[in-house]
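Here are the chains, one letter per residue:
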Amino acid sequence: MLPSGHEDAELHRLTQEGALAQRRVVCREEKPGLPLCRKVCYAVGGIPYQMTGNALGFFLQIFLLDVVQLEPFHASLIIFLGRAWDAVTDPAVGFLVSKSPKRKYGKLIPWIACSMPFGVLCYCMMWSTLLDASPASLKFLWYLFMYSFFQTCMTCHHVPYSSLTMFLGGTQRDRDSATAYRMGMEVFGTLLGSGIQGQIVGSYHARMTNGCYVSNETLPNTSTYGLPHSLENTRRAYVFASLVLGSIYGLSCLILIFGVREQPGPLSPLGKVELPFASCLRMIVGHKPYTQLLCGFLFASLAFQITQGIFAFFCTHAAGLAGKFQHLVLIMLVTASLSIPFWQWFLGRFGKKTAASLGLALIIPALAAITQVKHNFLAFVFLVIVAGCSMAVLYLLPWSMLPDTVDDFMLRNPSCLNMESLFYSFYVFFNKFAGGLAVGISTLSLQKTVLLFSFAGYRAGDCTYNPSVILALQLLMAPVPISLLLIAIIIFCLHPINEERRKQMRTEMEAMGVKDVHWDRLTKAAVRCWDALPSATALLSALLPVGLRTSKCL
């Protein structure tokens, strides 16, 4: 039996341990997981960017060439300059968002709300067609302005939206889960954009192509310029598709605006950045895990965007599937959407680096086989299913690895706060930079003003093309993307943030969360004591003699 003094000490120790355990339980209760409704509303907000972006990626080039009937140089220049402008605006908008104060409705949500109506209007206007009598210079300036202004509006939507990942609340696991929901919805948005637009306009493109041979079977290179009725129907189809997608764009933004509230965290206080832009840029570029992730994302995105940009051309002119490419796009995107849950489970089981490397390698044999198959729709179906599984990895993994990189930076630089928007804006910048490079590569070189399809003999409306066009499409479909994917896989394998580092960061963030809760309690207690101080002074003054009541101390 212990002496009474030891009994008291033991009782005091057990009491302290019980109080500490109770405080930890309270801390856990004060950090509940993200509700499903908030995850879904947040995920729906990602639909507009992918929906409109993929509709533009798959159909804008063929729209400008075969429907608007611009010269190949002008069409490629519009896409290249538009994406270059879009890439330049990302860091600028990211810095402006980081400098924005927190308002009644948050810091990021107002950007999304204000950019939505202008984005919807520009998207619909971009797919309208000017009169045939309009000069080529006016058409060029019209589509360049509409495309550039729409990309600016989309940047004002996507940069704050992607930064919102850090302000949803919850734990690291909740954030990964919200990212998976977001990527699933973004793939679904891709499906909506390419599927709806493809199903609406694809049949009209097939009729235009078939009209070449119907008009004059003896002349293999008869132009579609003699088919005005079919061309007008195709133009109306593009306008109708833009109205449908624009409506979905607006509805998705409204769900996000009214369904999500920004929540500050231990490393994300949701304030204004204090450092100048040059200092922020220097610190971000100097963070090795972030620059490696950027490079890997750049090469992987470049490979997929080169393939995406010429897929419709390849199916139409090289694979003999002119009226079926929209169905192949639909199958690919459905497969990618259904593959998201599997890859989310896989990265949780085997790690993000393993999932990224294996998933990107999956598309390499499919690309090699696609260039060897012609006039075989079923074989293409199997190959695009494999490509869709790999596309899901590109959607999910880089964006799932980015929050870990931002956390790593914040833990190593605790004095540099509120820089999340800059991290995400540069990430989006490199994605769009990859899109610009994809256009530049697919059109050979703008420095010589000799574009690939012009050099190879492409003319809008031609029914057959010389072998140099087919060879160029085959080279851009397999060897170039495969080389870029191999570089991306090597970079992802060398990424320094592995599962052990993620566990270490989670432990440090949980410790910081406990400290923040304790500091918040002490602050509230001090405020209550300060508020009670005048009352205590008045009571003390009433109890003192009258002579002391006039003392300067009271």
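A quick note: this is a predicted structure, and the numbers were derived from the prediction, not measured. (Residues numbered from 1 in each chain as written. Predicted model: local features only at pLDDT ≥ 70, side-chain atom pairs only at ≥ 80, totals over all residues. Heavy atoms only, no water.)

Enquirer: Now, about the overall build of the chain: what can you tell me, with residues and values included?
Expert: Along the chain, the regular secondary structure elements total 20 helices and 0 strands. Within the chain, the fraction of its 554 residues that count as buried is 53%. Residue pairs at least 24 apart in sequence account for 85% of intrachain contacts in the chain once pairs closer than 6 positions are excluded. Carbon and sulfur atoms make up 68% of the accessible area of the chain, which totals about 24,900 Å². (Helix = DSSP H or I, 4+ residues; strand = E, 2+ residues; numbered from the N terminus. Buried < 20%, exposed > 50% of the residue type's maximum accessible area, 1.4 Å probe, protein only. Contact = heavy atoms within 4.5 Å. Areas by Shrake-Rupley, 256 points an atom, 1.4 Å probe, with all protein chains shown as cover.)

Enquirer: Residue-level account of the confidence of the model for the chain, with values.
Expert: Residues at a pLDDT of 70 or more form 72% of the chain, whose mean pLDDT is 74. Looking across the chain, the model is least confident in helix α20 (residues 546-549), with a mean pLDDT of 38, and most confident in helix α5 (residues 109-126), with 92. Predicted confidence for residues 1-7 stays below pLDDT 50, and this span has 2 contacts to residues more than four positions away or in other chains. Here residues 14-31 scores under 50 on pLDDT; set against residues more than four positions off or in separate chains, the count is 10 contacts. (pLDDT = per-residue confidence, 0-100.)

Enquirer: Summarise the nonpolar core; cite the residues concerned and give the values.
Expert: One broad trend across soluble globular proteins is that nonpolar side chains are buried collectively. Phe-63, Leu-64, Trp-127, Leu-164 and Phe-311 are the most contacted members of the largest nonpolar core, which totals 146 residues. The element contributing the most residues to this core is helix α14 (residues 377-412), with 19 residues. Residues within four places of Leu-164 in sequence aside, it is in contact with Tyr-42, Leu-108, Ile-109, Leu-256, Val-260 and Glu-262. (Core = buried A, V, L, I, M, F, W, Y, C linked by side-chain atoms within 4.5 Å.)

Enquirer: Pulling in residues and values, what's your account of the side chain of Ser-162?
Expert: Mapped onto the elements of the fold, Ser-162 is located in helix α6 (residues 136-163). Relative accessible area serves as the criterion here: at 0%, Ser-162 is assigned to the buried category. For Ser-162, the contacting residues outside a window of four places in its chain are Arg-182, Trp-399, Tyr-424 and Val-428.

Enquirer: Tell me about the pattern of salt bridges, and please be specific about residues and values.
Expert: According to the stated counting rule, one finds 8 salt bridges in the structure shown. Counted as one network, the salt bridges with shared partners bring together Lys-352, Asp-404, Glu-499 and Arg-502. (Salt bridge = Lys/Arg side-chain N within 4 Å of Asp/Glu carboxyl O.)

Enquirer: With reference to specific residues and values, describe empty space enclosed by the protein.
Expert: To locate leftover empty space, one rolls a probe as large as a water molecule over the atoms. This model, assessed by the stated rule, comprises 4 cavities of 30 Å³ or more. The space that makes up the largest cavity amounts to roughly 670 Å³. For the largest cavity, the lining is made up of 37 residues, of which Gln-50, Asn-54, Gln-305, Gln-308 and Asn-431 are closest to its centre. Elements with a contribution of two residues or more to the lining of the largest cavity: α3 (47-67), α4 (72-99), α6, α7 (172-215), α10 (288-317), α13 (363-370), α14 and α15 (420-442). If you tally residues by element for the lining of the largest cavity, the top one is α3, at 8 residues. Per-class residue counts for the lining of the largest cavity are 21 nonpolar, 12 polar and 4 charged. (1 Å grid on protein atoms, 1.4 Å probe; cavity = no way out; pocket = protein on both sides within 12 Å on 5 of 7 lines; lining within 4 Å. Points joined across faces, edges and corners; volume = space filled by probe spheres on them. Nonpolar A, V, L, I, M, F, W, Y, C, P; charged D, E, K, R; others polar.)

Enquirer: Quick one: what's the story with the packing of α3 against α10, residue by residue and with numbers?
Expert: In contact at an axis separation of 8 Å, α3 and α10 are set at 50 degrees when each is read in the N-to-C sense. In terms of orientation, α3 lies oblique with respect to α10. Crossing geometry of α3 relative to α10 is assigned as right-handed. Contacts between α3 and α10 pair Asn-54, Gly-57, Phe-58, Gln-61, Ile-62 and Leu-65 from the former with Gln-308, Gly-309, Phe-311, Ala-312 and Phe-313 from the latter. Class assignment of the residues belonging to the contact of α3 with α10 gives a composition of 6 nonpolar, 5 polar and no charged. (Axes fitted to C-alpha atoms, helices over the stretch in contact; angles between N-to-C directions. Parallel < 35°, antiparallel > 145°, perpendicular 65-115°, else oblique. Left-handed = near helix turned anticlockwise from the far one by under 90°.)

Enquirer: Can you tell me about the environment of Ala-312, naming the residues and giving the values?
Expert: Relative to the elements of secondary structure, Ala-312 occurs in helix α10. Taking the C-alpha atoms as reference points, Ala-312 and Gly-57, separated by 255 residues in sequence, lie 9.9 Å from one another. Apart from the residues within four sequence positions on either side, Ala-312 is in contact with Phe-58 and Phe-325.

Enquirer: Could you give me a rundown of the environment of Trp-85, with the residues and numbers involved?
Expert: Following the sequence through the fold, Trp-85 ends up in helix α4. Since its relative accessible area comes to 44%, Trp-85 is described here as partly exposed. C-alpha separation for the pair Trp-85 and Ser-148, spaced 63 residues apart in sequence, amounts to 6.6 Å. Beyond its immediate chain neighbours, meaning those up to four positions away, Trp-85 contacts Ser-148 and Thr-152.

Enquirer: Quick one: what's the story with the side chain of Asp-86, residue by residue and with numbers?
Expert: Here Asp-86 shows up in helix α4. Looking at Asp-86, the relative accessible area reads 3%, which means it is buried. Residues contacting Asp-86, with those up to four places away along its chain left out, are Gln-151, Thr-155 and Lys-432.

Enquirer: Residue-level account of α5, with values.
Expert: It helps to recall that an α-helix has 3.6 residues per turn; residues three or four apart then point in one direction. Between its first and last C-alpha, α5 extends 26 Å over 18 residues, near the 26 Å set by a 1.5 Å rise per residue. Maximal helix bending in α5 amounts to about 35 degrees, located at Met-116; proline Pro-117 follows within four positions. Where α5 is concerned, the buried positions are Ile-109, Ile-112, Ser-115, Met-116, Gly-119, Val-120, Cys-122, Tyr-123, Cys-124 and Met-126. (Expected span 1.5 Å × (residues − 1). Bend = angle between axes of the 7 residues up to and from the residue.)

Enquirer: Tell me about the packing of aromatic side chains, and please be specific about residues and values.
Expert: Counted under the stated rule, the structure contains 17 aromatic pairs. Summarising the aromatic geometry, the rings of Phe-63 and Tyr-143 are spaced 6.1 Å apart at their centres and angled 75 degrees between planes, so their arrangement reads as edge-to-face. Taken together, the residues Phe-63 in helix α3 and Tyr-143 in helix α6 connect sequence positions 80 residues apart. Looking at Phe-63, the relative accessible area reads 0%, which means it is buried. The class for Tyr-143 is buried, based on a relative accessible area of 2%. Taking 5.4 Å as the distance between ring centres and 50 degrees as the angle between the ring planes, the aromatic pair formed by Tyr-123 and Phe-150 counts as tilted. Taken together, the residues Tyr-123 in helix α5 and Phe-150 in helix α6 connect sequence positions 27 residues apart. Exposure class is identical for Tyr-123 and Phe-150. Each is buried. Members of the aromatic cluster, joined through ring pairs, are Phe-63, Tyr-123, Trp-127, Tyr-143, Phe-150 and Tyr-238. (Phe/Tyr/Trp six-rings, centres within 6.5 Å; stacked < 30°, edge-to-face > 60°.)

Enquirer: Give a detailed account of a nonpolar patch on the surface, specifying residues and quantitative values.
Expert: Together, Leu-36, Val-40 and Tyr-181 line one region of the surface with nonpolar side chains, adding up to about 250 Å² of accessible area. Along the chain, the position of Tyr-181 falls in helix α7. For Tyr-181, a relative accessible area of 35% translates into the label partly exposed. (Patch = residues over 30% accessible without salt bridge, like charges linked within 9 Å, V, L, I, M, F, W, Y side chains within 5 Å.)

Enquirer: With reference to specific residues and values, describe the packing of helix α12 (residues 352-361) against α13.
Expert: Where α12 contacts α13, the axes come no closer than 5 Å and their chain directions differ by 10 degrees. Put simply, α12 runs roughly parallel to α13. Counted together, Gly-359, Leu-360 and Ala-361 of α12 and Ile-363, Ile-364 and Pro-365 of α13 form the full contact between these two elements. Residues belonging to the contact of α12 with α13 are distributed by class as follows: 5 nonpolar, 1 polar and no charged.

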